[in-house]
Amino acid sequence: MALRENAQYAFGLCFARFMPLNDDLTIPRADRVIGGAGPFDFSGVADPTQVPLYYKIDAGTTETLLVDISTAADQSAVTVDEAVSALTTAIDTGTDITASKDSTTGRIKLAATSGTAVWLQAWGEFAQCVRFGQGFGCKFVKS
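Residues numbered from 1 in each chain as written. Predicted model: local features only at pLDDT ≥ 70, side-chain atom pairs only at ≥ 80, totals over all residues. Heavy atoms only, no water.

Chemist: Quick rundown of helix H1 (residues 80–90)? Include the residues and the values.
Modeler: Of the residues making up H1, those classed as buried are Val80, Ala83, Val84, Ala86, Leu87 and Ala90. The buried residues of H1 all sit within an arc of 165 degrees when viewed along its axis, so they share a single face. Looking at the buried residues of H1, the elements they touch are strand E3 (51–57), strand E4 (63–67), strand E5 (97–101), strand E6 (108–112) and helix H2 (125–129). (Buried < 20%, exposed > 50% of the residue type's maximum accessible area, 1.4 Å probe, protein only. Helix = DSSP H or I, 4+ residues; strand = E, 2+ residues; numbered from the N terminus. Arc of directions from axis to C-beta. Contact = heavy atoms within 4.5 Å.)

Chemist: How would you sum up the pairing of strand E7 (residues 120–123)? Please name residues and give values.
Modeler: Side chains of E7 alternate between two faces, with Leu120 and Ala122 and Gln121 and Trp123 buried alike. Looking at chain direction, E3 and E7 are connected through four bridges and run antiparallel. By the bridge assignment, tyrosine 55 is partnered in E7 with alanine 122. (Pairing = 2+ DSSP bridges.)

Chemist: Describe a nonpolar patch on the surface, and please don't skip the residues or the numbers.
Modeler: On the surface, Leu21, Leu25 and Ile27 cluster together into a nonpolar patch covering about 290 Å² of accessible area. Inspection of the secondary structure assignment puts isoleucine 27 in the loop between strand E1 (17–18) and strand E2 (33–34). With relative accessibility at 56%, the residue isoleucine 27 sits in the exposed group. (Patch = residues over 30% accessible without salt bridge, like charges linked within 9 Å, V, L, I, M, F, W, Y side chains within 5 Å. Areas by Shrake-Rupley, 256 points an atom, 1.4 Å probe, with all protein chains shown as cover. Salt bridge = Lys/Arg side-chain N within 4 Å of Asp/Glu carboxyl O.)

Chemist: An account of the packing of aromatic side chains is requested, with residue identities and associated values reported.
Modeler: The description of two aromatic rings rests on the distance between their centres and on the angle between their planes. Enumeration according to the criterion identifies three aromatic pairs in this entry. Relative to phenylalanine 126, the ring of phenylalanine 42 lies with its centre 5.6 Å away and its plane at 40 degrees, an arrangement referred to as tilted. Of this pair, phenylalanine 42 sits in the loop between E2 and E3 while phenylalanine 126 sits in helix H2, and the two are 84 residues apart along the sequence. With respect to burial, phenylalanine 42 and phenylalanine 126 carry one shared label: buried. Residues tryptophan 119 and phenylalanine 140 carry aromatic rings whose centres are separated by 5.2 Å and whose planes lie at 75 degrees to one another, so their mutual orientation is edge-to-face. Of this pair, tryptophan 119 sits in the loop between E6 and E7 while phenylalanine 140 sits in the loop between H2 and strand E8 (141–142), and the two are 21 residues apart along the sequence. The exposure class of tryptophan 119 is partly exposed, given its relative accessible area of 27%. One Lys or Arg, lysine 139, reaches over the ring of tryptophan 123 and ends 4.5 Å from the middle of that ring. (Phe/Tyr/Trp six-rings, centres within 6.5 Å; stacked < 30°, edge-to-face > 60°. Lys NZ or Arg CZ within 6 Å of the ring centre and 35° of its normal.)

In structure tokens:
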């Protein structure tokens, strides 16, 4: 039996990137980043009027949204509809993403509006609370 210390390797991976799966265990795409089904707990955020969400489409620049979740009836049990409404309000006209409630799963959904986009990354405190990337955020981890 050969020992690992004696093994010789001719090549290996020089670069790899990983992204957490959606909360429904599907692969995140630019047209379908899926979060949780709610209710979501925002009671621990520092400022409910400015919960940060960062996003990046393909190799573009990182954009920042400050989501005002303070209008929700209960900060510790924010519904999908309340989260979508707050996120939609934070998205400026002409922004290249949309927020909605997924019609088949009832979960919060984020999508790039460009038909040519391949990847949509979303992370930050808002993304963690609504379980984008299973609560870790949908962001590439590079190695």
